[in-house]
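A structural walkthrough
For reference, the chains in residue letters:
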Amino acid sequence: MHTISPKTISFAPALMARTIFAGLIALCGIGVHAESAAATANIANYTYQVVHSYPHDPNAFTQGLFYKDGFLYESTGLQGHSSVRKVKLETGEVLQKTDLPKQIFGEGITYWDNRIIGITWTSQAGYVLDLNSFAFQKEFAYKGEGWGLTRNDTEIIMSDGTSELRFLNPETLNEVRRIKVTAQGKPVDQLNELEWVKGEVLANIWQTDKIARIDPKTGNVTAWIDLSGLLPISERMKSNPDVLNGIAYDATHDRLFVTGKLWPKIFEIKLVKH
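Now for a quick tour of the structure. Everything numeric here is computed off the predicted structure, so don't read it as measured data.

1. Observations concerning the sheet that holds strand E22 (residues 255-260)
Pairing is mixed across the open sheet formed by eight strands, whose spatial order is E17-E18-E19-E20-E2-E23-E22-E21. Sheet topology places strand E17 (191-197) and strand E21 (244-250) at the edges, where each strand pairs with a single neighbour. Between one strand axis and the next, the sheet turns through 30 degrees on average, direction left out of account. Bridge count between strand E2 (residues 44-55) and strand E23 (residues 265-273): nine bridges; the pairing is antiparallel. Residue pairing in the sheet places tyrosine 46 in a bridge with lysine 273 of E23.

Structure, rendered in structure tokens:
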């Protein structure tokens, strides 16, 4: 397992870790802006059908997830436990792994060409790794917090925990523009892990079982996906799961995967419209 030396990346220490007990908040139904917005009449609502479930490392505090060339790539968080991994979907086996410096709280990842691009929570610094070797290539800076990452054909898309999405130049990693995400005119914040699916951005809403489907041109939420009950109570009793977080899409076979922080399973799901 390859480890990046703390001296290789000059990240400032993260201030604190987002609590792993946030899942209890979601279970108790304490909402954010997304909760009230989900009830609006002219925004589509979806539930789900589980197609298949796969093993997932229950010690992985999932922060970023994407699917490429038959494998999952996952980033994990928490100081002292942050890593980037290549995972075999069918078995959950970690085929390749690099650990981030102990002071770093890892967040979302995506890819561009033969590079993995990752961000951190409060260090205001991101990193670039070689996709094949996981070797460190360079560091880049941004202002504010880093939460989720995804990409379309021309841009990297980043969330920061607010109601805004940032669009970055994939070569320079400089910010190009922003959009504000709203549901019927009301800001939707706590945008977390991201995935690009069929021309729209899917975003986990932190501390909820909801995923927002977002128009990348207008920022309007076009649909809510309610994944309540996805991880069965029996599974929750056997482990210490946290909140829903992690979306990956296999565009070739039209497969959508979701998981959560410290969840023992990854689920392939199909959306079912209400």
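2. Observations concerning the pattern of salt bridges
All chains considered together, the criterion is met by 12 salt bridges. Arginine 255 serves as the salt-bridge partner of aspartate 250, at 3.0 Å between the closest nitrogen and oxygen. Of the two residues examined, aspartate 250 and arginine 255, each falls in the buried class. Salt bridges sharing partners connect three or more residues here, namely Glu164, Glu175 and Arg178.

3. Thoughts on the sheet that holds strand E8 (residues 115-120)
Backbone-to-backbone hydrogen bonds pair the strands of a sheet. The strands run either parallel or antiparallel. On the basis of which strands lie adjacent, the open sheet formed by four strands has the order E7-E8-E9-E10 and antiparallel pairing. The strands lining the two open edges of the sheet, one partner per strand, are strand E7 (106-112) and strand E10 (136-141). Within this sheet the neighbouring strands show an average axis-to-axis angle of 25 degrees, counted without direction. One ladder, built from five bridges, connects strand E9 (residues 125-130) with E10; its direction is antiparallel. For leucine 129, the partnering residue across the bridge sits in E10 and is phenylalanine 136.

4. Observations regarding the environment of phenylalanine 257
Position of phenylalanine 257 among the secondary structure elements: in strand E22. Along the sequence, phenylalanine 257 and isoleucine 247 sit 10 residues apart, while their C-alpha atoms lie 5.7 Å from each other. Aside from chain neighbours lying at most four places away, what touches phenylalanine 257 is Tyr54, Tyr67, Leu89, Gly246, Ile247, Ala248, Asp250, Ile266, Phe267 and Glu268.

5. Comments concerning the packing of aromatic side chains
Scanning the model with the defined rule gives nine aromatic pairs in all. Between phenylalanine 66 and tyrosine 73, the ring centres sit 5.0 Å apart and the planes meet at 15 degrees, which makes this aromatic pair stacked. Here the two residues phenylalanine 66 and tyrosine 73 agree in accessibility, since each one is buried. Here the aromatic cluster, defined as three or more aromatic residues joined through ring pairs, consists of Tyr54, Tyr67 and Phe257.

6. Details of unusual backbone geometry
The phi dihedral of leucine 173 falls on the positive side, at around 65 degrees, and the residue is not glycine. Checked against the element boundaries, leucine 173 lands in the loop between strand E13 (164-168) and strand E14 (175-180). By relative accessible area, which is 4% here, leucine 173 ends up buried. Even without glycine at this site, aspartate 254 takes up a positive phi of about 50 degrees.

7. Focus on the pairing of strand E5 (residues 83-87)
Most of E5 is tucked away, with five of its five residues classed as buried. Side chains Ser83, Arg85 and Val87 of E5 all project onto a buried face; the interleaved residues Val84 and Lys86 project onto the opposite face, where all are buried too. Here strand E4 (residues 71-76) folds back onto E5, and the loop between the two strands holds six residues, one of which, leucine 78, carries a positive phi near 80 degrees. The pairing of E5 with strand E6 (residues 94-99) spans five bridges and is antiparallel. Looking at the pairing, arginine 85 lines up with lysine 97 of E6.

8. Quick notes on the environment of threonine 47
Relative to the helices and strands, threonine 47 is located in strand E2. The class for threonine 47 is partly exposed, based on a relative accessible area of 23%. A C-alpha to C-alpha distance of 6.3 Å links threonine 47 and leucine 227, two positions 180 residues apart in sequence.

Each value, and the rule that gives it
- Residues numbered from 1 in each chain as written.
- Predicted model: local features only at pLDDT ≥ 70, side-chain atom pairs only at ≥ 80, totals over all residues.
- Heavy atoms only, no water.
- Pairing = 2+ DSSP bridges.
- Helix = DSSP H or I, 4+ residues; strand = E, 2+ residues; numbered from the N terminus.
- Axes fitted to C-alpha atoms, helices over the stretch in contact; angles between N-to-C directions.
- Salt bridge = Lys/Arg side-chain N within 4 Å of Asp/Glu carboxyl O.
- Buried < 20%, exposed > 50% of the residue type's maximum accessible area, 1.4 Å probe, protein only.
- Contact = heavy atoms within 4.5 Å.
- Phe/Tyr/Trp six-rings, centres within 6.5 Å; stacked < 30°, edge-to-face > 60°.

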